[in-house]
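Chain and residue survey
Spelled out, the chains give:
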Amino acid sequence: MPTDGEPTVTVKLLQLLLLSTYWGMQIWVTFISSFVMDNHLNRHTFGFIQSRLVPFYLHLGSACAFFNLTIYAVYHPSDMLDDREAFQIFIFFVSVTVAAVNAQWFGQMTSEIMADMHLIEQACGLGQDIGLSSNREAYAKLCETDVKYRHLSSRLWLYRLLSSLCNLCCIGCNFYSLCYMAENLGTL
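Residues numbered from 1 in each chain as written. Predicted model: local features only at pLDDT ≥ 70, side-chain atom pairs only at ≥ 80, totals over all residues. Heavy atoms only, no water.

**Digging into the overall build of the protein**
- Of the regular secondary structure elements, the protein holds five helices and zero strands.
- For the protein, the N- to C-terminal ordering of α and β elements is α-α-α-α-α.
- Relative to a compact globule of 188 residues, whose C-alpha radius of gyration would be 16 Å, the protein shows 20 Å and is clearly more extended.
- Judged by the C-alpha coordinates and their principal axes, the protein covers about 65 × 30 × 20 Å.
- Looking at the protein residue by residue over its 188 residues, the buried ones come to 41%.
- For the protein, the share of sequence-separated contacts (at least 6 apart) that also reach a separation of at least 24 residues comes to 81%.
- Split by element, the accessible area of the protein, about 11000 Å² in all, is 68% carbon and sulfur. (Helix = DSSP H or I, 4+ residues; strand = E, 2+ residues; numbered from the N terminus. Rg over C-alpha atoms; globule rule 2.2 N^0.38 Å. Buried < 20%, exposed > 50% of the residue type's maximum accessible area, 1.4 Å probe, protein only. Contact = heavy atoms within 4.5 Å. Areas by Shrake-Rupley, 256 points an atom, 1.4 Å probe, with all protein chains shown as cover.)

Listed below in structure tokens is the structure:
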């Protein structure tokens, strides 16, 4: 179904809306809302909101990345690609792949582990302190005394790290795609 014709204004607008929506969500979720919630909500409320919001964000981001790749590929047949267009398709493909892995695996595992940790914390009277950095001694002591909690804590750290790396990779891909689009604008 590839086409060698020029995309319509509607198709161009759709691609721009998908890319800018994904970019805006990434910046908001990664750099703004997490810091605001950390400073104003207790640990369990923060975790509950993240466990509901982040999977939605990750799946919506995956859909945006997929449709960006699809639209771009339809209007750039593989036999007519120059090097920059081929690299742009590669960037979209990386974004789709990494976003899907993050949504289907890392994000899901993070939410499940966090829920298990909250149950243990609640049983010990923890989780109502504001901010993730407050009352560190109590959480460190819980890690020392509860083997299951220690195991969950180390797994959570790993999955958060992997999810964050995936998220940063997608941010980089979208930044490159925005730059590529800006370079190819005829005018403002």
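**As for the UniProt feature "transmembrane region" (unreviewed entry) in the protein**
- In the UniProt entry, the feature "transmembrane region" (unreviewed entry) is given for residues 13-36, 56-75, 87-107 and 157-178.
- Regarding residues 13-36, the helix share stands at 100% and the strand share at 0%, and the terminal C-alpha atoms are separated by 32 Å.
- Secondary structure within residues 157-178 divides into 100% helix and 0% strand; the distance between the first and last C-alpha atoms comes to 31 Å. (UniProt positions renumbered as here; feature names shortened; annotations may be inferred.)

**A few points about the side chain of serine 177**
- With respect to the helices and strands, serine 177 occurs in helix 5 (residues 147-183).
- Contacts of serine 177, omitting those with residues within four sequence positions, involve Leu19, Gln88, Ile91 and Phe92.

**Focus: the packing of aromatic side chains**
- With the rule as written, the count across this model stands at nine aromatic pairs.
- Ring centres of phenylalanine 87 and phenylalanine 90 lie 5.9 Å apart, and the angle between their planes is 35 degrees; this geometry places the pair in the tilted category. Placement of both phenylalanine 87 and phenylalanine 90 in helix 3 (residues 83-123) is noted, with a separation of three residues, approximately one turn of the helix.
- A residue is classified by how much of its surface remains accessible, and phenylalanine 87, at 38% relative accessible area, is partly exposed.
- A residue is classified by how much of its surface remains accessible, and phenylalanine 90, at 44% relative accessible area, is partly exposed.
- Aromatic side chains phenylalanine 87 and tyrosine 176 sit 5.3 Å apart centroid to centroid with 85 degrees between the ring planes, which places their arrangement in the edge-to-face category. Here phenylalanine 87, found in helix 3, pairs with tyrosine 176, found in helix 5; they are 89 residues apart in sequence, far enough to count as distant.
- Residue class for tyrosine 176 comes out partly exposed when judged on its relative accessible area of 25%.
- Counting every residue linked through ring pairs, the aromatic cluster contains Tyr72, Phe92 and Tyr180.
- Here the guanidinium or amino end of arginine 43 rests over the ring plane of tyrosine 139, the centre of that ring lying 3.7 Å away. (Phe/Tyr/Trp six-rings, centres within 6.5 Å; stacked < 30°, edge-to-face > 60°. Lys NZ or Arg CZ within 6 Å of the ring centre and 35° of its normal.)

**Observations concerning the nonpolar core**
- In this structure, Tyr22, Ile113, Met117 and Tyr149 are the most contacted members of the largest nonpolar core, which totals 38 residues.
- Taken together, the elements giving at least two residues each to this core come down to helix 1 (9-40), helix 2 (43-74), helix 3, helix 4 (136-145) and helix 5.
- Looking at which element gives the most residues to this core, the answer is helix 3, with 13 residues.
- Once you skip the residues sitting within four places of it in the chain, tyrosine 22 turns out to touch Gly61, Cys64, Ala65, Ser95, Ala99, Cys170 and Asn174. (Core = buried A, V, L, I, M, F, W, Y, C linked by side-chain atoms within 4.5 Å.)

**Focus: the UniProt feature "domain: TMEM205-like" (unreviewed entry) in the protein**
- Sequence positions flagged by UniProt for "domain: TMEM205-like" (unreviewed entry) are, in local numbering, residues 17-118.
- Taken end to end, residues 17-118 is 90% helix and 0% strand, and its two terminal C-alpha atoms sit 37 Å from one another.

**A closer look at the pattern of salt bridges**
- If you walk through the whole model with that rule in mind, you get two salt bridges.
- Taking the shortest distance from any N to any O, the salt bridge between lysine 12 and glutamate 6 comes out at 3.7 Å.
- With relative accessibility at 66%, the residue glutamate 6 sits in the exposed group.
- Glutamate 183 serves as the salt-bridge partner of arginine 84, at 2.6 Å between the closest nitrogen and oxygen. (Salt bridge = Lys/Arg side-chain N within 4 Å of Asp/Glu carboxyl O.)

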